[in-house]
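Analysis of the macromolecular model
As a plain string of letters, each chain reads:
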Amino acid sequence: MVEAVLIDLFSLPANSQSNMQGLLHNTMEAIERCSAMHAPCVYVMCCQRQGNERKSEQEFLLPDLRGFQSLKRRLEVIHAQTTAAALYTIKQRLDEKDLSIVKVILPTLRKDLMKVYIDHLFTAVYQFEFEDLQMISDSESLQISEHQHEGQILPSQDVALIRSEIQMYLESLPSLKGELTILRSSLIPDDIFLHGFTTRTGGISYIPTLSSCNLFSSSKRRDPQVVVKENLRRLANAAGFNPEAFHRVKVDHANAVCVMGKTEPDDYDGIVTDQKGVTLAAPGADCIPVLFADPVRRACGAAHSGWKGTLLGVSMATVNAMISEYGCNVKDILVVLGPSVGPCCYKLPHESAKEFHRIDPKCVRLFDSASPYIDIRRATRILLERGGILPENIQDDSVTDQNQNITYCTACHPDKFYSHFRDGPNFGTQIGFISIKD
C-alpha cells in the first residue's frame, strides 16, 4: 500500500500559476478518491525561483488545498531552487515518519531524470512507482495513467550534471551534532603516519541512529552513498587525506587480507600497504577497527575485527601480511584498537562464548549463563601477543592513563559513537583510518 505520494510540479514555468492550481486540484481529487480507506502523505514539489519569497509562492496554492479534508493534515508543499534540494527535503519527511513506499506522479518527460535523482538520494529500503501526469483540456479531472514504458537512457553529461547538483547541495548543508572529532593514538608516530578514529559528530546524516558522521552505506539502511561520500569528504578535509585514494575493507567477518597493488579479493577484513598517500580504513560499530603501523619499514594496515573475525585471527593475519609482503619485523609493528563494544555490554550465546573461554577464561564473564559477557579486545590482545607483537606495542582499554584511552565502549557512549548492539539494524558506522605520509 502506498504510504506517500510525491507530485512533481518542479518543471512548470513560473508564470503558469493558474495551470498549476488546476493541475494540483485535480491531482488531489484523484488521490482522495483512490485513498478513501488510507490517506497517504502527499508532498508537492515546486520550484522556488531565485529571489522569490517562499511564502508568496505558496499563497496561490494553499486555497485549493483547504478543501481536501482527508489530505490537508498530511499534505506539504516543498519549494526549493533545485530538484536535489526539494527531493532531499522530501526524503527527510519520509524518514521522520518511517515511510518507504512512494508513488511519484510527474510529467512523462521528467521520469528518466527523476529516476537518476532517486537512484542517488535513496537506497533499496524505499520502493517507488511512477505515474504519468497529463492535462486533458476537455476534461474536468486529471488523467493519471500507468504507462510503464521503458525510458531512454539519459546522456552521460546529464547524469554528470545531476550528480554535480546533488554534490553541491550536500556540500552546502551544515554539520550536525557538533564539530567533526578525530581520536588519535599517542603510540603511532605522527611524523610518519596520518591516522585516527572517527566519532559520530560533524557529518550531515540526519536519521537519529545514523546521525551525523555515518561512514557506511548499505541497501538495508536509509543513508545513501552520496551522503556517506559527503561525510567522508568532510573527514578527509579535517584529517588531511585524499578521499580519492581511500580504501575501506570489504567486511566479511572473516580473516582474508588484501595487499594493495595485488589482486583484490571479493571480500576481506584486513588491508595493508607500503604506498605513501594511500589511506586504509576499517569500519566499526561495536566490532573493533584495528590499525597497524611499522615505523621502521614504513608500512601500515587496518582490520575489522568482530567476534567472528577475532576468533579467526584477522589481526594476526594482517600482521603476517605486513611481515611477508614488506619484510616487517613483528617486534616493530604497533597495533591500536579503536572504539568498540566493551565487556561491560557485549554478550554472546554460550556456545560462542566457549571459543573465547578457550583463548583465555578472563575473556568471558558469567561463563555459566546462557549469554555470557565477552571481551573481544582482551582476546585480540592475547592472540597478537601469542603471535609475537610486544605487549607495549599494543594500545587498548588496558592503558593505565585514561587520558590516553581511545578504546571507548561504543555501546556506553551514544553521544560519541554508533553501536549496532545498542541501536538496532539501522545503525551508523565509524571508522579507523591510517596512511603513510608523503
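The name an unreviewed UniProt entry assigns to the protein is Purine nucleoside phosphorylase LACC1, from the organism Alaudala cheleensis. In its Sequence similarities (unreviewed entry) section, UniProt records this for the protein: "Belongs to the purine nucleoside phosphorylase YfiH/LACC1 family." One UniProt comment on the protein, placed under Subunit (unreviewed entry), says "Interacts with FASN. Interacts with SDHA. Interacts with ATF6, EIF2AK3 and ERN1."

So, the overall build of the protein
For the protein, the helix and strand inventory stands at 12 helices and 19 strands. The 438 residues of the protein split such that 53% are buried. Element-wise, carbon and sulfur atoms account for 49% of the exposed surface of the protein, whose accessible area totals about 19,900 Å².

Concerning the packing of helix 4 (residues 83-96) against helix 5 (residues 111-121)
Two elements in contact, helix 4 and helix 5, have axes whose closest approach is 11 Å; the angle formed by their N-to-C orientations is 50°. On the basis of the axis angle, helix 4 is oblique to helix 5. The crossing of helix 4 and helix 5 is right-handed. Contacts between helix 4 and helix 5 pair Thr83, Ala84, Leu87, Tyr88 and Lys91 from the former with Met114, Tyr117, Ile118 and Leu121 from the latter. Its residues assigned to classes, the contact of helix 4 with helix 5 shows seven nonpolar, one polar and one charged.

A short note on the packing of aromatic side chains
Within this structure, the stated rule accounts for eight aromatic pairs. Taking 4.9 Å as the distance between ring centres and 75° as the angle between the ring planes, the aromatic pair formed by phenylalanine 122 and phenylalanine 128 counts as edge-to-face. Seen from their ring centres, phenylalanine 241 and phenylalanine 246 are 5.8 Å apart, and the 15° between their planes marks the pair as stacked. In this arrangement the basic side chain of lysine 115 is found over the ring face of phenylalanine 130, its NZ or CZ atom lying 5.3 Å from the centre. Note that arginine 365 overlies the ring of tyrosine 373, its terminal NZ or CZ placed 4.3 Å from the centroid.

Description of the nonpolar core
Nonpolar side chains tend toward joint burial in soluble globular proteins. Core analysis: the largest hydrophobic core is formed by 41 residues, its most contacted members being Leu87, Tyr88 and Leu170. Listing elements by their share of this core, those giving two or more residues are strand 1 (4-8), strand 2 (41-47), strand 3 (75-80), helix 4, strand 4 (101-106), helix 5, helix 6 (156-172) and helix 7 (225-239). Tallying contributions element by element places helix 4 first for this core, with seven residues. There are two domains that each give this core at least three residues, and those are domain 1 (4-50 + 61-135 + 157-171) and domain 2 (177-436). In terms of nonpolar packing, the next biggest core, distinct from the first, is built from 37 residues, Val314, Tyr326, Val330 and Val341 among them.

Here's the deal with unusual backbone geometry
With an omega dihedral of 5°, the bond running from serine 211 to serine 212 counts as a cis peptide bond. Tracing the chain through its elements places serine 212 in the loop between strand 8 (193-198) and helix 7. You will see that lysine 177, though not glycine, has its phi angle at about 65°, which is positive. Tracing the backbone shows lysine 177 in the loop between helix 6 and strand 7 (182-183). The class for lysine 177 is exposed, based on a relative accessible area of 63%. Despite not being glycine, arginine 298 shows a phi value in the positive range, around 55°. Tracing the sequence through the fold places arginine 298 in the loop between strand 13 (288-294) and strand 14 (299-305).

Digging into the pairing of strand 14
The buried count for strand 14 comes to seven of seven residues, which makes it a mostly enclosed element. With burial as the criterion, each face of strand 14 is covered, one bearing Ala299, Gly301, Ala303 and Ser305 and the other bearing Cys300, Ala302 and His304. Between the end of strand 13 and the start of strand 14, which pair antiparallel, lie four residues, with arginine 298 showing a positive phi angle near 55°.

Concerning the pattern of salt bridges
Summed over the entire model, instances satisfying the criterion amount to 21 salt bridges. Across the pair lysine 103 and glutamate 131 runs a salt bridge, and its minimum N-O distance is 2.9 Å. Residue lysine 103 is located in strand 4, and its partner glutamate 131 is located in strand 5 (residues 127-134); the two are separated by 28 residues in the primary sequence. Take lysine 103 and glutamate 131: they sit in the same class, and that class is buried. Two residues, glutamate 351 and lysine 354, come together in a salt bridge whose shortest N-O distance is 3.0 Å.

Looking at helix 4
In this model helix 4 runs 20 Å from its N-terminal to its C-terminal C-alpha over 14 residues, within 8% of the 20 Å that 1.5 Å per residue would give. The buried fraction of helix 4 is high, at 12 of 14 residues. For helix 4, the full list of buried residues reads Thr83, Ala84, Ala85, Ala86, Leu87, Tyr88, Thr89, Ile90, Lys91, Arg93, Leu94 and Asp95. Just past helix 4, the residue aspartate 98 takes up positive phi, approximately 60°.

Procedures and definitions
Residues numbered from 1 in each chain as written. Predicted model: local features only at pLDDT ≥ 70, side-chain atom pairs only at ≥ 80, totals over all residues. Heavy atoms only, no water. UniProt positions renumbered as here; feature names shortened; annotations may be inferred. Helix = DSSP H or I, 4+ residues; strand = E, 2+ residues; numbered from the N terminus. Buried < 20%, exposed > 50% of the residue type's maximum accessible area, 1.4 Å probe, protein only. Areas by Shrake-Rupley, 256 points an atom, 1.4 Å probe, with all protein chains shown as cover. Axes fitted to C-alpha atoms, helices over the stretch in contact; angles between N-to-C directions. Parallel < 35°, antiparallel > 145°, perpendicular 65-115°, else oblique. Left-handed = near helix turned anticlockwise from the far one by under 90°. Contact = heavy atoms within 4.5 Å. Nonpolar A, V, L, I, M, F, W, Y, C, P; charged D, E, K, R; others polar. Phe/Tyr/Trp six-rings, centres within 6.5 Å; stacked < 30°, edge-to-face > 60°. Lys NZ or Arg CZ within 6 Å of the ring centre and 35° of its normal. Core = buried A, V, L, I, M, F, W, Y, C linked by side-chain atoms within 4.5 Å. Domains from an automatic or database assignment. Pairing = 2+ DSSP bridges. Salt bridge = Lys/Arg side-chain N within 4 Å of Asp/Glu carboxyl O. Expected span 1.5 Å × (residues − 1).

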